[in-house]
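# Per-entry structural report
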Amino acid sequence: MQSSGKGKLYIVGTGPGSIPYLTKRAIEAVEESEYIIGNDFYLNLIKDRLEGKEVIWSSMGKEVERARKCIEIAKEHVISMVSGGDPGIYGMAGIVLEVLEHDGTDIEFEVVPGVTAATAAASRVGSPLSGDYVTISLSDLLTPLEVIEKRLELAFQMDIPVVLYNPKSRGRPDNLSIALSIALKYKKEETPVAVVKNACREGEETTYITLKGLFNNNSYVDMHSVVIIGGAKSRFMNIGERKGIITPRGYERKYVY
Ligand code: SAH
């Protein structure tokens, strides 16, 4: 199906969830749009920017429907599909482009990147990632648990940090315990871990703990958190009163400092 070519579809990353962490391009896209569509949680976070727009509130689990709707509207109008963090990381960009490709609709689109939860959380913790790292989502809504477990087995055998997205929700309270028990097969009990809840937005809270400590009690981890599990070289840092985690990237091999 072809379109008249008048519209445009922005797939916009809204970052971790507060205005200072929205990119300028994301703000421009939202400002240019007549329509804004998204999950109610993320729309609420940018509600100050929605005045005068046609806002289509959707809810979690309705992603395919939402993708179809935004494509339909984009044939004639400028619309922003908002997606938390970066839209290409466990976000809406993939499904929107899959539907677009499947339908053969030729509309103008632009994916606008956003600050993803891993780097937002890492910024709060110091420099826990620094070099190579892995992200794994513990959500088994779209990926079977056996596949997630296999990926965890492989990731924890590497010496690099692992960031867990979607660590817990009402529907899958045990996936985090499963992940941590796999981690303990390969990593030291005292491996530094940070749980960052609501990074760079209201309600931010960071907890430092060891891998074994979190395995013993992870009750405070929720779906608004990411869990950063250090690599073999990661260590707790102490800079004055500031706590955090540093993962040396390797400068110590080449330089004296
Ligand atoms: N596209 C998003 C991720 C969506 S998956 C991004 O790039 O960040 C949803 C998961 O992301 C949540 O369950 C949580 O693990 C994580 N998340 C999103 N925003 C967060 C924030 N501000 N602080 C901590 N974790 C966050």
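Residues numbered from 1 in each chain as written. Predicted model: local features only at pLDDT ≥ 70, side-chain atom pairs only at ≥ 80, totals over all residues. Heavy atoms only, no water.

What follows concerns the sheet that holds strand 3 (residues 54-58). Spatially, the five strands line up as an open sheet ordered 3-2-4-1-5, and their pairing is parallel. The open sheet terminates on both sides in strands that have one partner only, identified here as strand 3 and strand 5 (109-112). Sheet twist, expressed as the average angle between the axes of neighbouring strands with direction ignored, equals 15°. For strand 2 (residues 35-39) and strand 3, the ladder comprises five bridges, and the chain directions are parallel. The residue of strand 3 that forms the bridge with G38 is W57. (Pairing = 2+ DSSP bridges. Helix = DSSP H or I, 4+ residues; strand = E, 2+ residues; numbered from the N terminus. Axes fitted to C-alpha atoms, helices over the stretch in contact; angles between N-to-C directions.)

The next point concerns the site of the ligand. In the vicinity of the ligand lie 19 residues, with G84, I89, T116, M223 and S225 positioned nearest. N166 places a main-chain nitrogen or oxygen 3.0 Å from an oxygen atom of the ligand. Contact between the ligand and R201: a nitrogen atom at 3.2 Å from a side-chain N or O atom of the residue. Here the ligand loses 94% of its free accessible area of 540 Å² to cover by the protein chains. Taken together, the residues that form the shell around the ligand break down as 10 nonpolar, seven polar and two charged. Each of domain 1 (8-115) and domain 2 (118-249) gives at least three residues to the shell around the ligand. (Near = heavy atom within 4 Å. Polar contact = N/O pair within 3.5 Å; in protein donor to acceptor, adjacent residues only side chain to side chain. Areas by Shrake-Rupley, 256 points an atom, 1.4 Å probe, with all protein chains shown as cover. Nonpolar A, V, L, I, M, F, W, Y, C, P; charged D, E, K, R; others polar. Domains from an automatic or database assignment.)

What follows is about the environment of V226. Topologically, V226 is positioned in strand 11 (residues 225-229). For the pair V226 and D132, spaced 94 residues apart in the sequence, the C-alpha separation amounts to 17 Å. In contact with V226, not counting residues within four places along its chain, are A117, A121, V163, L164, Y165, A194, V195 and V196. (Contact = heavy atoms within 4.5 Å.)

Attention shifts here to the sheet that holds strand 10 (residues 205-210). The strands making up a sheet associate through hydrogen bonds between their backbones, and the pairing can be parallel or antiparallel. The five strands are arranged 7-8-11-9-10 in an open sheet whose pairing can be described as mixed. Only two strands of the sheet have a single neighbouring strand rather than two, namely strand 7 (134-137) and strand 10. Sheet twist, expressed as the mean angle between neighbouring strand axes with direction ignored, is 20°. Seen against the sheet, helix 5 (residues 117-125) touches strand 7, strand 8 (162-165), strand 9 (192-197), strand 10 and strand 11 and runs at an angle of roughly 65° to strand 11. Its contacts with the sheet place helix 6 (residues 145-157) against strand 7, strand 8 and strand 11, and it is angled at close to 160° to strand 7.

For the structure shown, the criterion picks out four aromatic pairs. Pairing Y251 with Y255 gives two aromatic rings, centres 6.3 Å apart and planes at 35°, and the pair type is tilted. Take Y251: its relative accessible area is 48%, and that puts it in the partly exposed class. (Phe/Tyr/Trp six-rings, centres within 6.5 Å; stacked < 30°, edge-to-face > 60°. Buried < 20%, exposed > 50% of the residue type's maximum accessible area, 1.4 Å probe, protein only.)

In this model, helix 3 (residues 63-74) (12 residues) spans 16 Å end to end at C-alpha, consistent with the 16 Å of a helix rising 1.5 Å per residue. R66, A67, C70, I71, I73 and A74 are the residues of helix 3 that are buried. Along helix 3, the residues classed as buried sweep out an arc of 165° about the axis, all on the same side. (Expected span 1.5 Å × (residues − 1). Arc of directions from axis to C-beta.)

Right, let's get into the domain arrangement of the protein. Assigned domains of the protein: these are domain 1 (8-115) and domain 2 (118-249). Taken over C-alpha atoms, the centre of domain 1 sits 28 Å from the centre of domain 2. Contact with domain 1, which involves 10 residues of that partner, is made by 12 residues of domain 2. Between domain 1 and domain 2, the buried area comes to about 830 Å², and carbon and sulfur atoms account for 63% of it. There are zero salt bridges connecting domain 1 and domain 2. At the boundary of domain 1 with domain 2, the tally comes to five residue pairs in polar contact (both at pLDDT 80 or more). Residues of the side of domain 1 that touches domain 2, tallied by class, amount to eight nonpolar, two polar and no charged. (Buried area = accessible area lost by both parts, 1.4 Å probe. Salt bridge = Lys/Arg side-chain N within 4 Å of Asp/Glu carboxyl O.)

Right, let's talk about a nonpolar patch on the surface for a bit. Nonpolar side chains collect at one region of the surface, where Y251, Y255 and Y257 lie side by side and expose about 440 Å² of accessible area between them. Among the secondary structure elements, Y255 is positioned in the segment after helix 9 (251-254). Among the residues examined, Y255 registers a relative accessible area of 46% and is labelled partly exposed. (Patch = residues over 30% accessible without salt bridge, like charges linked within 9 Å, V, L, I, M, F, W, Y side chains within 5 Å.)

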